[in-house]
Amino acid sequence: MAADAADPATAAVSPTVPAALARPHFIGIGGAGMSGIAKILSQRGARVEGSDARESLTVTALRGLGATVHLGHDAANLAADATSVVVSSAIRPDNPELAAAAERGVPVVHRSDALASLMEACRPLAVAGTHGKTTTTSMLAVALGSLGLDPSYAIGGDLDEPGSNAHNGRGEIFVAEADESDRSFHKYAPEVAIVLNVELDHHANYASMEEIYESFEIFAGRIRPGGTLIVSADHEGARELTRRLRARGDVKVRTYGEAADADVRVLDITPHGLTSETTVLLDGTELTFAVFVPGRHYASNAVAALVAGTEMGLPAGDLAKALGTYTGVRRRLQLMGEANGVQVIDSYAHHPTEMTADLEAIRGGAGDGRVLVLFQPHLFSRTQELATEMGEALALADASVVLDIYPAREDPIPGVTSELIIDAARAAGADVRHAESRTAGAELVAGMAAPGDLVLTMGAGDVTDLGPRILAGLAP
């Protein structure tokens, strides 16, 4: 039964903390996924402790909730009474805290198992797909909150400030971003799930599209009996997944999109600068609502959220209005500031499809101004496989500056550098150059900008930190 939007207390749940997570130690507690779980556990009364490589606003936010956070990784950080050590796939086997857990027999819990346990007493709504998960999960969290439902949520990015990526709500719905990168979304059992798109990414874990399809099929098979999978009808990979699932016949699938055969049809998306107005045909009724973030892909994400919410039993009209309260998430085309007539916008896009979508969205709102990009490639493995496509995406900008590859958890691969992307961009007709350092890149793009231009800092690494430096360089 759906929650009553007017009286969230009627649908309140009292989730408990599993014994193994009563005194957890998080390795890399400041990460996007890890910090959200740590926050929810803190709010549920667990004594949370962990470590991270450096100080950050997220670490500060966790400390504000009562968590103990050590800087640096050391076996001594692991408390004597720790009930478990929580890790993500990014934690290397030789981490000293992980080694200490093995020596002392402390159970090791993967991040996905911890999140799955937090959702057990709730009505989970999981958002999956190669791109757009964070935005769509955020849209649902904001919309459900504005309806008074007070959902719990765990998101891979912050809604408005560091630490806002998770919340332990009183309502029965739990909205979660379901990550396919390491197959961790196989652990979840949602009532309703969304698949936004299906593409080959995470090349260190998937060798082919066939492996990707198999992984998403397993995820779909985890949906609770009577539940629904919401799938895009506009992306070929998602359509192939729909074909496979409908052939199996054991999962209810509902499609959405601009395609003529979509179950929920998008009739029109009208851009208005950096916002848009979307009209859909839902169960025989036309419904128009505003989306206060730019681009067709964000409008499409909002439609996915709308359909998923109705499958949870929420009134479509109320939910459509509530989606209009969403104004964005940190690092997803987030306005960092304006100086000397130049707007600086931050984009998390790091896969060619995401890069293309964000550049097209910004182009629609740039007017007569130029679109300039400071791009930081993310991961050697991704660059090795997708350098050509990244370069072609950068050709959508008027000019680009490319930084060195952000390695994250990976070791270098011989011969794989950002020059591969630069060569591909130039072959596609792009105006692109290389910057030897982050500082040089910020100075270079600031020097290129003129009043009326839009500057994008783009990538999943620490390029986001360069927005203030660019703004300072733009000041007259």
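Model, not experiment: these values are computed from the prediction.

The rules we used
- Residues numbered from 1 in each chain as written.
- Predicted model: local features only at pLDDT ≥ 70, side-chain atom pairs only at ≥ 80, totals over all residues.
- Heavy atoms only, no water.
- Helix = DSSP H or I, 4+ residues; strand = E, 2+ residues; numbered from the N terminus.
- Buried < 20%, exposed > 50% of the residue type's maximum accessible area, 1.4 Å probe, protein only.
- Pairing = 2+ DSSP bridges.
- Contact = heavy atoms within 4.5 Å.
- Axes fitted to C-alpha atoms, helices over the stretch in contact; angles between N-to-C directions.
- Parallel < 35°, antiparallel > 145°, perpendicular 65-115°, else oblique.
- Left-handed = near helix turned anticlockwise from the far one by under 90°.
- Nonpolar A, V, L, I, M, F, W, Y, C, P; charged D, E, K, R; others polar.
- Phe/Tyr/Trp six-rings, centres within 6.5 Å; stacked < 30°, edge-to-face > 60°.
- Core = buried A, V, L, I, M, F, W, Y, C linked by side-chain atoms within 4.5 Å.

## Comments concerning unusual backbone geometry
Consideration 1: Its identity is not glycine, yet Arg183 carries a phi of approximately 65 degrees, on the positive side.
Consideration 2: Relative to the helices and strands, Arg183 resides in the loop between β9 (173-177) and β10 (192-195).
Consideration 3: The class for Arg183 is partly exposed, based on a relative accessible area of 28%.
Consideration 4: With a phi close to 80 degrees, Leu379 is a non-glycine residue in the positive phi region.
Consideration 5: By secondary structure assignment, the location of Leu379 is in the loop between β18 (371-375) and α11 (380-394).

## Digging into the sheet that holds strand β15 (residues 285-291)
Consideration 1: With mixed pairing, the ten strands of this open sheet are ordered in space as β8-β7-β9-β6-β10-β11-β12-β13-β14-β15. Here the strands that pair on one side only, and so sit at the sheet edges, are β8 (166-167) and β15.
Consideration 2: As paired elements, strand β11 (residues 228-232) and strand β12 (residues 252-257) share five bridges and run parallel to each other. Bridge pairing links Ile230 to Arg254 in β12.
Consideration 3: Of the strands in this sheet, β6 (123-128), β10, β11, β12, β13 (264-272), β14 (275-282) and β15 are in contact with helix α8 (residues 296-311), which crosses β12 at around 145 degrees.
Consideration 4: Against the sheet, helix α9 (residues 316-323) touches β14 and β15, its axis set at about 20 degrees to β15.

## Thoughts on the packing of helix α5 (residues 133-146) against α9
Consideration 1: Running from N to C, α5 and α9 cross one another at 115 degrees; their axes reach a closest spacing of 8 Å. Looking at the two axes, α5 sits roughly perpendicular to α9. Of the two possible hands of crossing, α5 and α9 adopt the one that is right-handed. Listed contacts from α9 to Met139, Ala143, Leu144 and Ser146 of α5 are Leu319, Ala322 and Leu323.
Consideration 2: Split into classes, the residues belonging to the contact of α5 with α9 amount to six nonpolar, one polar and no charged.

## Describing the pairing of β13
Consideration 1: Note: β12 against β13, two bridges, orientation parallel. Looking at the pairing, Gly257 lines up with Arg265 of β13.
Consideration 2: Both β13 and β14 contribute to a ladder of seven bridges, which runs antiparallel. What sits directly across from Pro271, in β14, is Ser276.

## A closer look at the packing of aromatic side chains
Consideration 1: Under the counting rule described, the total for this entry stands at two aromatic pairs.
Consideration 2: For the ring pair Phe185 and Phe216, a centre distance of 5.2 Å and an interplane angle of 85 degrees mean the geometry is edge-to-face. Placement of Phe185 in the loop between β9 and β10 and of Phe216 in helix α6 (residues 209-221) is noted, with a sequence separation of 31 residues between them.
Consideration 3: On the numbers, 4.7 Å between centres and 10 degrees between planes, the contact of Phe185 with Phe219 is stacked. Taken as a pair, Phe185 in the loop between β9 and β10 and Phe219 in helix α6 lie far apart in primary sequence, 34 residues in all. Taken as a pair, Phe185 and Phe219 share a single burial class, namely buried.
Consideration 4: Taken together through their ring pairs, the aromatic side chains of Phe185, Phe216 and Phe219 make up a single cluster.

## Quick notes on the nonpolar core
Consideration 1: Ile194, Phe289, Leu306, Val373 and Phe375 are the most contacted members of the largest nonpolar core, which totals 69 residues.
Consideration 2: In contact with Val373, not counting residues within four places along its chain, are Leu359, Leu394, Ala397, Ala399, Ser400, Val401, Leu456 and Met458.
Consideration 3: Ile40, Val48, Val86 and Val198 belong to the second largest nonpolar core, which has 48 residues in total.

## Looking at the sheet that holds strand β3 (residues 68-71)
Consideration 1: Strand order in the open sheet made by the five strands is β3-β2-β1-β4-β5, with parallel pairing throughout. Only two strands of the sheet have a single neighbouring strand rather than two, namely β3 and β5 (108-110). Pairwise comparison of adjacent strand axes, ignoring direction, gives a mean angle of 25 degrees for this sheet.
Consideration 2: Bridge count for strand β2 (residues 49-52) against β3 is four bridges, and the pairing is parallel. Paired with Ser51 across the strands is His70, a residue of β3.
Consideration 3: Across the sheet, helix α3 (residues 96-104) lies against β1 (24-27), β2, β4 (84-87) and β5, angled at about 145 degrees from β1, the strand it touches most.

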